[in-house]
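Each chain is listed here by its residues.
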Amino acid sequence: MEKIIRKIDESLAGERIDKAISSMNGEWSRSLVQQWLKDGQVLVNGKAVKANHKCSLNDEIEIEIPEPEELDVVPEDMDLEIFYEDSDVLVVNKPKGMVVHPAPGHMSGTLVNGLMAHCKDLSGINGVLRPGIVHRIDKDTSGLLMVAKNDLAHESLVNQLVAKTVTRKYKAIVHGIIPHDYGTIEAPLGRDQKDRQSMAVVDNGKHAVTHFNVLERFKDFTFIECQLETGRTHQIRVHMKYIGYPLAGDPKYGPRKTLDIGGQALHAGVLGFEHPRTGQYLEFEAPLPAYLEQLLEDLKNNH
């Protein structure tokens, strides 16, 4: 059981306690927080409260995070595209359409199922449902992920992510023609207040920075490369929508009329980090998947 203590600042004073807590962490849904409140795992100034309790400035919130449920994750033989592997880390190229880790109700066919069949040694820091997983990419985003095989490697890679020293570059196709060759989007991200399943630019969100440069312009679309400085949930998808150039094919953040390609045109093409044991900088590049190559070809021919 992990215990977290937070103080209510000015941005959260007056909010309902369930809403305030869920805004503290992008992975805490409001329904999950409400369950914690019901189970007495949240105390405000040492006392249990209901979900509709209004927060006051400087309230001390104590949250007990329960251990991940022990669910049976079964190893599954898969044809994984491994770019690098040693006794500490593994770099894998995840295909579009594959979920990274199991969740209740979705326990098979994930990258973790495949990794567990491929190698028996994965770090246990994230619990049974996410062994070895240091960072994630969305189901319909393809590309490179680093995986930790032991806790030493896991801590090192997480620390590098926090220190913003990991290189993460993505290729994307967006709606519209971006007139300038490069730019930086700095806008805080948090849960969308109208739709808790989505992220949005919000005043009290987490610091988020995306750099981008234009690779090619087409009739109605632009091919870009984005480099993450931070790694928030759906960061590139939300940031590009925010500046008016949503990702092509994106069912959640794109326009209603978009390309029918089964999800956002986004590929995590470059991944670089320091090896946890040797300190050597390693960098890998995964070529564009066939569907994106074909889409670029079609856009070039559509004058």
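Structure: above.
Residues numbered from 1 in each chain as written. Predicted model: local features only at pLDDT ≥ 70, side-chain atom pairs only at ≥ 80, totals over all residues. Heavy atoms only, no water.

Novice: Let's hear about a positive patch on the surface: which residues, and what values?
Specialist: The grouping of Arg6, Lys164, Lys206 and Arg232 at the surface amounts to a positive patch. With respect to the secondary-structure elements, Arg6 resides in strand S1 (residues 2-7). (Patch = residues over 30% accessible without salt bridge, like charges linked within 9 Å, V, L, I, M, F, W, Y side chains within 5 Å. Areas by Shrake-Rupley, 256 points an atom, 1.4 Å probe, with all protein chains shown as cover. Salt bridge = Lys/Arg side-chain N within 4 Å of Asp/Glu carboxyl O. Lys, Arg positive; Asp, Glu negative; His and termini not counted. Charge placed at Lys NZ, Arg CZ, Asp CG, Glu CD. Helix = DSSP H or I, 4+ residues; strand = E, 2+ residues; numbered from the N terminus.)

Novice: Let's hear about the pairing of strand S15 (residues 281-285): which residues, and what values?
Specialist: Burial along S15 is one-sided: the face carrying Leu282 and Phe284 is buried and the face carrying Tyr281, Glu283 and Glu285 is not. The antiparallel hairpin formed by strand S14 (residues 266-274) and S15 contains six residues in its connecting segment, where Gly279 sits at a positive phi of about 80 degrees. (Buried < 20%, exposed > 50% of the residue type's maximum accessible area, 1.4 Å probe, protein only. Pairing = 2+ DSSP bridges.)

Novice: Would you mind going over the nonpolar core in detail, with residue names and values included?
Specialist: Generally speaking, soluble globular proteins have nonpolar side chains that are buried together. Within the largest apolar cluster, 32 residues are counted, with the highest numbers of intra-cluster contacts made by Leu111, Leu115, Ile178, Ile224, Ile236 and Met240. Elements supplying a minimum of two residues to this core: strand S6 (89-94), helix H3 (111-118), strand S7 (142-148), strand S8 (167-175), strand S12 (209-217), strand S13 (221-228), helix H5 (235-242) and S14. Residue contacts for Ile236: discarding those within four places in its chain leaves Tyr170, Thr210, Cys226, Leu228, Leu247 and Leu266. Core analysis: the next-biggest nonpolar cluster, separate from the first, contains 19 residues, Ile8, Ile17, Ile61 and Ile65 among them. (Core = buried A, V, L, I, M, F, W, Y, C linked by side-chain atoms within 4.5 Å. Contact = heavy atoms within 4.5 Å.)

Novice: A description of the packing of aromatic side chains should follow, citing residues and the corresponding values.
Specialist: Overall, the coordinates contain two aromatic pairs when judged by the stated rule. On the numbers, 5.5 Å between centres and 40 degrees between planes, the contact of Tyr84 with Phe284 is tilted. With Tyr84 in strand S5 (residues 81-85) and Phe284 in strand S15, this pair connects stretches of sequence that are 200 residues apart. Where Phe273 meets Phe284, the ring centres are 6.3 Å apart and the plane angle is 40 degrees; that geometry is what we call tilted. Pair noted here: Phe273 is in strand S14 and Phe284 is in strand S15, with a separation of eleven residues, a long-range link. Residue Phe284 is classed as buried on the basis of its relative accessible area of 13%. Through pairs of rings, three or more aromatic residues link up here, namely Tyr84, Phe273 and Phe284. (Phe/Tyr/Trp six-rings, centres within 6.5 Å; stacked < 30°, edge-to-face > 60°.)

Novice: Quick one: what's the story with helix H2 (residues 30-38), residue by residue and with numbers?
Specialist: Within H2, the full set of buried residues consists of Val33, Trp36 and Leu37. An end-on view of H2 places all buried positions within 100 degrees of arc, on one side of the element. Turned more than 90 degrees away from the buried face of H2, the exposed residues are Ser31 and Lys38. On its buried face, H2 sits against helix H1 (17-22), strand S2 (42-44) and strand S4 (60-65). (Arc of directions from axis to C-beta.)

Novice: Pulling in residues and values, what's your account of helix H6 (residues 290-301)?
Specialist: In this model H6 runs 17 Å from its N-terminal to its C-terminal C-alpha over twelve residues, within 8% of the 16 Å that 1.5 Å per residue would give. Here H6 has its buried residues at Leu292, Leu295, Leu296 and Leu299. All buried residues of H6 project into a common sector of 100 degrees when viewed along the axis, lining one side. Facing away from the buried side of H6 by more than 90 degrees, the exposed set consists of Ala290 and Asn301. Of the surrounding elements, those touching the buried residues of H6 are S8, S13 and S14. (Expected span 1.5 Å × (residues − 1).)

Novice: Just give me the short version of empty space enclosed by the protein, but keep the residues and values in it.
Specialist: Applying the stated criterion to the full structure yields one cavity of 30 Å³ or more. Taken as a whole, the largest cavity spans an internal volume of roughly 40 Å³. Taken together, the residues of the lining of the largest cavity break down into one nonpolar, five polar and one charged. (1 Å grid on protein atoms, 1.4 Å probe; cavity = no way out; pocket = protein on both sides within 12 Å on 5 of 7 lines; lining within 4 Å. Points joined across faces, edges and corners; volume = space filled by probe spheres on them. Nonpolar A, V, L, I, M, F, W, Y, C, P; charged D, E, K, R; others polar.)

Novice: Describe the pattern of salt bridges, naming the residues involved and giving the relevant values.
Specialist: Summed over all chains, the structure comprises nine salt bridges. For Lys3, the salt bridge goes to Glu64, with nearest N and O atoms at 3.9 Å. A residue pair is termed long-range when its members are at least 10 positions apart, and Lys3 in strand S1 and Glu64 in strand S4 qualify at 61 residues. A residue is classified by how much of its surface remains accessible, and Glu64, at 28% relative accessible area, is partly exposed. For the salt bridge of Arg16 with Asp18, the shortest nitrogen-to-oxygen distance reads 3.0 Å. The partly exposed category is assigned to Arg16, whose relative accessible area is 29%. Via salt bridges that share partners, Lys3, Glu62 and Glu64 belong to a single interconnected network.

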